[in-house]
Amino acid sequence: MANSFINGKTGVYGLMGDPVDHSFSPCIHSKIFESIDENSVYVTFPTKKESVGEAVKGAFALGIRGMNVTVPHKVSVMDYLAEIDDTACVIGAVNTLKPVKNGFKGYNTDVIGVEYSFSSRGIELGGKVCLLLGAGGAAKAVAYAMLKGGVKRLYIANRTLAKADALKNRLKTYFQNEIITLTLEEAENIKDTEIIINATTIGFGEKTGLSPLSENFFEDCRAEVCMDVIYTPWETELLRLAAAKGIRCINGFDMLVYQGTAASEIWHDEKFPPGLLNKLKKELTEVFKENERGKTNE
Ligand code: NAP
């Protein structure tokens, strides 16, 4: 039945954040509903920061079946939840809400999106050295995924060193892996990294065309994989530099799609088979690229 027509039984899911009008999540979830033949819609709810508590309460009262939460509410929403999943507690951010007995339970599926970006390609994290650039919201989920995946050393490089130190101190309570913090300038001298992940905004929006690591960095770099959590542009300058050296590249689109499918799995209390996930990713990639082409032709 999917969402081709709306009737009295149509379920409602949504996204709260500010802004939300650029979001690809309605597209992801509409495709999922279509694939699993569910009569539901997924809509965006622009939500100002002073209204987060009321929005959560109202969504629960109205029987919204599941919510995603995006920038800038991923941390503040935690004050209004009935329960919080352990992983989300460690990360300190929530992007998925599922109704439980007395309100919503919060989860973090960004971390699942990162994990799946690697595992779906058969890339092992155990025993590796990882250089993470950034210490903001996305970086927190990346750091958790890397430490849980068993990297032996995690460098966290950030423009503001104090934020990298705060992230390290938080994660040190839960993980034994070695964590070293440094500035982005110091990251240029890291020679032993096998995995590079950009979770800064460098390469996105006004910073399109810029890279958080210089071309020189890649001269004697032995990294096997380079991931950028950014997906517009599809290939950031960082990924272009890495690809030119034969390094395997992953952009942020898989993270985006898999955080969405993971949220839906939580809402539906079921694991989607790998075949369905692959099919969704393929179809969504086509839709996304078509949308991007449409924007450049406007
Ligand atoms: P955030 O919490 O605001 O963090 C921004 C990060 O970028 C911080 O580490 C910040 O460093 C750094 N940064 C910003 N401007 C910089 C500059 N001019 N020079 C050096 N560093 C700079 O943002 P976020 O939510 O983590 O998002 C980060 C990126 O991830 C965005 O591009 C977002 O679109 C993307 N993202 C992708 C997904 C996905 O599913 N693929 C999910 C979430 C986010 P300071 O700490 O020094 O400010």
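Along every chain, residues carry numbers that run from 1 in the direction the sequence is written. Local features in a predicted model are, by the rule used here, given only for residues with pLDDT of at least 70; side-chain atom pairs are given and counted only at 80 or more, and totals for whole chains, interfaces and linings are based on all residues. The side-chain figures draw on all heavy atoms in the structure; neither hydrogens nor water molecules are used.

Colleague: Describe in detail the overall build of the protein, supporting the description with residues and values.
Modeller: Segments assigned H or I by DSSP are reported as helices when at least four residues long, segments assigned E as strands when at least two residues long, and all are numbered from the N terminus. A tally of regular secondary structure across the protein gives ten helices and twelve strands. Radius of gyration: C-alpha atoms only; globule rule: 2.2 Å multiplied by the number of residues to the exponent 0.38. Against the globule reference of 19 Å for 298 residues, the protein gives a C-alpha radius of gyration of 19 Å, in line with a compact fold. With respect to the three principal axes, the spread of C-alpha positions in the protein is 60 × 45 × 35 Å. Only protein chains enter the accessibility calculation, which uses a 1.4 Å probe. A residue is then buried if its area is under 20% of the maximum for its type, exposed if over 50%, and partly exposed in between. Evaluated residue by residue, the protein yields a buried proportion of 50% over its 298 residues. For this analysis, residues touch if any pair of their heavy atoms sits within 4.5 Å. Looking at the protein alone, contacts between residues at least 24 apart form 71% of all its contacts between residues at least 6 apart. Every accessible area reported is derived by Shrake-Rupley at a probe size of 1.4 Å, with residue values counting cover from the shown protein chains alone. For the protein, the exposed area adds up to about 14,000 Å²; of that, 51% sits on carbon and sulfur atoms. Just so you know, the count uses Lys and Arg for positive and Asp and Glu for negative, and it drops His and the chain ends. Lysine's charge is taken at NZ, arginine's at CZ, aspartate's at CG and glutamate's at CD. Considering the protein, the positive charge centre built from 34 side chains and the negative charge centre built from 38 side chains are found 3 Å apart.

Colleague: Quick rundown of unusual backbone geometry? Include the residues and the values.
Modeller: Backbone torsion omega between D18 and P19 reads 10 degrees, so that peptide bond is classified as cis. Locating P19 in the fold gives a position in the loop between strand 1 (11-17) and helix 1 (25-36). Here the residue pair T232 and P233 is connected by a cis peptide bond, since its omega of 5 degrees sits within 30 degrees of zero. By secondary structure assignment, the location of P233 is in the loop between strand 11 (225-228) and helix 8 (237-244). The phi dihedral of D37 falls on the positive side, at around 55 degrees, and the residue is not glycine. One can find D37 in the loop between helix 1 and strand 2 (40-46).

Colleague: Which residues make up the pattern of salt bridges, and what values do they have?
Modeller: Any Lys or Arg side-chain nitrogen located within 4 Å of an Asp or Glu carboxyl oxygen qualifies as a salt bridge. Here the structure, examined in full by the defined rule, presents 18 salt bridges. K191 is the salt-bridge partner of D220, the closest N and O atoms lying 3.1 Å from each other. Placement of D220 in the loop between strand 10 (195-198) and strand 11 and of K191 in the loop between helix 7 (184-187) and strand 10 is noted, with a sequence separation of 29 residues between them. What makes D220 partly exposed here is its relative accessible area of 44%. Of the residues examined, K191 reaches a relative accessible area of 35% and is grouped as partly exposed. In the salt-bridge network here, residues are joined through shared partners; they are K31, E34, K279 and E283.

Colleague: If you had to explain the side chain of T193 to someone new, which residues and values would you point to?
Modeller: Residue placement: T193 occurs in the loop between helix 7 and strand 10. On the basis of relative accessibility, which here comes to 1%, the residue T193 falls in the buried class. Two N or O atoms count as a polar contact when they lie within 3.5 Å, although within protein this holds only if one can serve as hydrogen donor and the other as acceptor, and sequence-adjacent residues are included solely when both atoms are side-chain atoms. Within the local environment of T193, its side chain forms a polar contact with the backbone oxygen of V129, the two atoms lying 3.4 Å apart. A distance of 3.1 Å separates a polar side-chain atom of T193 from the backbone nitrogen of L131. Not counting the four nearest positions on each side in its chain, T193 is found in contact with V129, C130, L131, F217, R222 and A223.

Colleague: Before we move on, could you go through the packing of aromatic side chains and cite the residues and values that matter?
Modeller: Ring geometry is summarised as follows: Phe, Tyr and Trp rings, the Trp one being its six-membered ring, pair when their centres sit within 6.5 Å, and such pairs are stacked at plane angles under 30 degrees, edge-to-face over 60 and tilted between the two. Applying the stated criterion across every chain yields a total of 14 aromatic pairs. Both rings, one in Y13 and one in F33, keep their centres 5.1 Å apart while their planes meet at 40 degrees; by these two values the pair is tilted. Of this pair, Y13 sits in strand 1 while F33 is found in helix 1, placing the two residues 20 residues apart along the sequence. With a centroid separation of 5.7 Å and 75 degrees between ring planes, the pair formed by F60 and F104 is classed as edge-to-face. Of the two residues, F60 sits in helix 2 (residues 52-61) while F104 sits in strand 6 (residues 103-107), which places them 44 residues apart along the sequence.

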